[in-house]
Amino acid sequence: MPKLLLKFNAAVIKEIPFDKDSLSVGRKSDNDIVIDNPAISGHHCRIVRQGGTSFVEDLESTNGTFVNERRIKQSGLHHNDVIGLAKHALVFIEDAPPPEDAPAPAAGPAGDATMVISPQKQAELVAASTGLAKPVGLTKTGWLRVLKGAVGPSEHELKGMSTYIGKSDRVQIQIKGSGLFGSAPEVAASVHRKPEGFVLVAVTGGYPVVNGSKVAGSVVLNEGDIIDCGATTMQFELRDAA
């Protein structure tokens, strides 16, 4: 089943199953996906599936809808396409399992008027929502070194703002399932570059284990941390940038 990852800046805050023909997105409570942010219009956009094809349609929103940084009226969607909505983004993921429960985004200021954002500010927010803004204070690169259960390379540099871990052949780091956990999730976890460092987020709550403790939300990774995902064990390392 396709799904959407709701992101705020670079962090995944919610998974939404695409389990109906149309999903409405906006600030008002009657939407399927409610984003309580004054820069989001009451009814901002709609995401539709027809005949196996998915697309997003802007509903004449004040600040616009973007796909991969390009403002659109209507656009087809492909795996990993990013729908930019002010500081939020929806990442379209194909062939993923139903999501675990996740906390809803924090409520923003009350009021029904939509905040108007200048074109320059829109570009800045889209860059942030798609993970292009550089975090402050990261002078080293992050690496995950596979200690056991490798699927593909034994070392992975965390190059982008977001790196996904799971069974899917579309993620950056693939893992094995185990007898205890069964088949590994399509997307089990993700690692994000943030100002405070590299943050591991449990996309499938409780599946990733860091230093023996299950992760239900997120955790900042430290040098030498051991990450278990199913039958794959990795160690987090910091290395000097080339």
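Given the structure is predicted, the values throughout are model-derived calculations rather than measurements.

Draft legend 1. Layout of the overall build of the protein. Looking only at helices and strands, the protein has one helix and 22 strands in total. Excluding contacts between residues fewer than 6 apart, the proportion of contacts in the protein whose partners are at least 24 apart in sequence is 47%. Of the roughly 11,400 Å² that the protein leaves accessible, carbon and sulfur atoms contribute 50%.

Draft legend 2. Geometry of the sheet that holds strand E9 (residues 74–76). Pairing is mixed across the open sheet formed by five strands, whose spatial order is E4-E3-E5-E6-E9. Bordering the open sheet on either side are strand E4 (33–34) and E9, each of which pairs with just one other strand. Relative to strand E6 (residues 53–58), strand E5 (residues 45–50) is paired through six bridges, and the arrangement is antiparallel. Bridging from a neighbouring strand, Val48 pairs with Phe55 of E6.

Draft legend 3. Summary view of the confidence of the model for the protein. Mean pLDDT over the protein: 80, with 79% of residues reaching 70 or higher. Long-range and interchain partners of residues 96–100, a stretch whose pLDDT sits below 50, account for eleven contacts in this model, where long-range means more than four residues apart.

Draft legend 4. The environment of Asp228, seen in detail. For Asp228, the position within the fold is in strand E21 (residues 226–229). When its relative accessible area of 25% is taken as the criterion, Asp228 is described as partly exposed. With 19 residues separating them in the primary sequence, Asp228 and Val209 have C-alpha atoms 5.0 Å apart. With residues up to four places along the chain from it excluded, the contact list for Asp228 reads Tyr207, Pro208, Val209 and Thr233. Side-chain polar atoms of Asp228 contact the side chain of Thr233, separated by 2.6 Å.

Draft legend 5. Structural context of the pattern of salt bridges. According to the stated counting rule, one finds eight salt bridges in the structure shown. With a closest N to O distance of 2.8 Å, Glu155 and Arg239 form a salt bridge. Of this pair, Glu155 sits in strand E13 (residues 155–157) while Arg239 sits in strand E22 (residues 232–240), and the two are 84 residues apart along the sequence. We classify Arg239 as partly exposed; its relative accessible area is 24%. Taken together, the salt bridges that share partners define one network made up of Arg145, Glu155, Glu237 and Arg239.

Draft legend 6. Inspection of the sheet that holds E22 at higher detail. As summarised here, the arrangement of the six strands in space is E13-E12-E22-E21-E18-E19, forming an open sheet in which the pairing is antiparallel. Edge positions in the sheet fall to E13 and strand E19 (213–214), since each has one partner strand and no second. Bridge count between strand E18 (residues 209–210) and E19: two bridges; the pairing is antiparallel. Within E19, the residue paired with Val210 across the bridge is Ser213.

Draft legend 7. Structural view of the pairing of strand E16 (residues 189–194). The buried fraction of E16 is high, at five of six residues. For E16 and strand E17 (residues 197–202), the ladder comprises six bridges, and the chain directions are antiparallel. When the bridges of E17 are listed, Ala189 appears paired with Ala202. Taken together, E16 and the strand that follows it, E17, pair antiparallel across an intervening segment of two residues.

Draft legend 8. Layout of unusual backbone geometry. Located in the positive-phi region is Glu60, a residue other than glycine, with phi close to 55°. Relative to the assigned elements, Glu60 resides in the loop between E6 and strand E7 (65–67). On the basis of relative accessibility, which here comes to 71%, the residue Glu60 falls in the exposed class. Even without glycine at this site, Ala86 takes up a positive phi of about 55°. Position of Ala86 among the secondary structure elements: in the loop between strand E10 (82–85) and strand E11 (88–93).

Draft legend 9. View of the environment of Phe8. With respect to the helices, strands and loops of the structure, Phe8 is situated in strand E1 (residues 3–8). Those residues in contact with Phe8, other than ones at most four positions away along the chain, are Ile13, Lys87 and His88.

Draft legend 10. Focus on the packing of aromatic side chains. Following the criterion strictly, the structure yields two aromatic pairs and no others. Considering the side-chain rings of Phe18 and Phe92, the 6.4 Å spacing of their centres and the 85° angle between planes classify their relative orientation as edge-to-face. Within this pair, whereas Phe18 is found in the loop between strand E2 (11–17) and strand E3 (22–26), its partner Phe92 is found in strand E11, the two being separated by 74 residues in sequence. By the burial criterion, Phe18 is buried, and Phe92 matches it. Note on Phe198 and Phe236: the rings are 5.6 Å apart at their centroids and 55° apart in plane angle, and the pair reads as tilted. In this pair, Phe198 sits in strand E17 while Phe236 sits in strand E22, placing the two residues 38 residues apart along the sequence. Note on Phe198: relative accessible area 2%, which makes it buried. Taking relative accessible area as the criterion, Phe236 reaches 0% and is therefore assigned buried. When the ring centre of Phe18 is taken as origin, the NZ or CZ atom of Arg49, which lies over that ring, is 4.9 Å away.

Procedures and definitions
- Residues numbered from 1 in each chain as written.
- Predicted model: local features only at pLDDT ≥ 70, side-chain atom pairs only at ≥ 80, totals over all residues.
- Heavy atoms only, no water.
- Helix = DSSP H or I, 4+ residues; strand = E, 2+ residues; numbered from the N terminus.
- Contact = heavy atoms within 4.5 Å.
- Areas by Shrake-Rupley, 256 points an atom, 1.4 Å probe, with all protein chains shown as cover.
- Pairing = 2+ DSSP bridges.
- pLDDT = per-residue confidence, 0-100.
- Buried < 20%, exposed > 50% of the residue type's maximum accessible area, 1.4 Å probe, protein only.
- Polar contact = N/O pair within 3.5 Å; in protein donor to acceptor, adjacent residues only side chain to side chain.
- Salt bridge = Lys/Arg side-chain N within 4 Å of Asp/Glu carboxyl O.
- Phe/Tyr/Trp six-rings, centres within 6.5 Å; stacked < 30°, edge-to-face > 60°.
- Lys NZ or Arg CZ within 6 Å of the ring centre and 35° of its normal.

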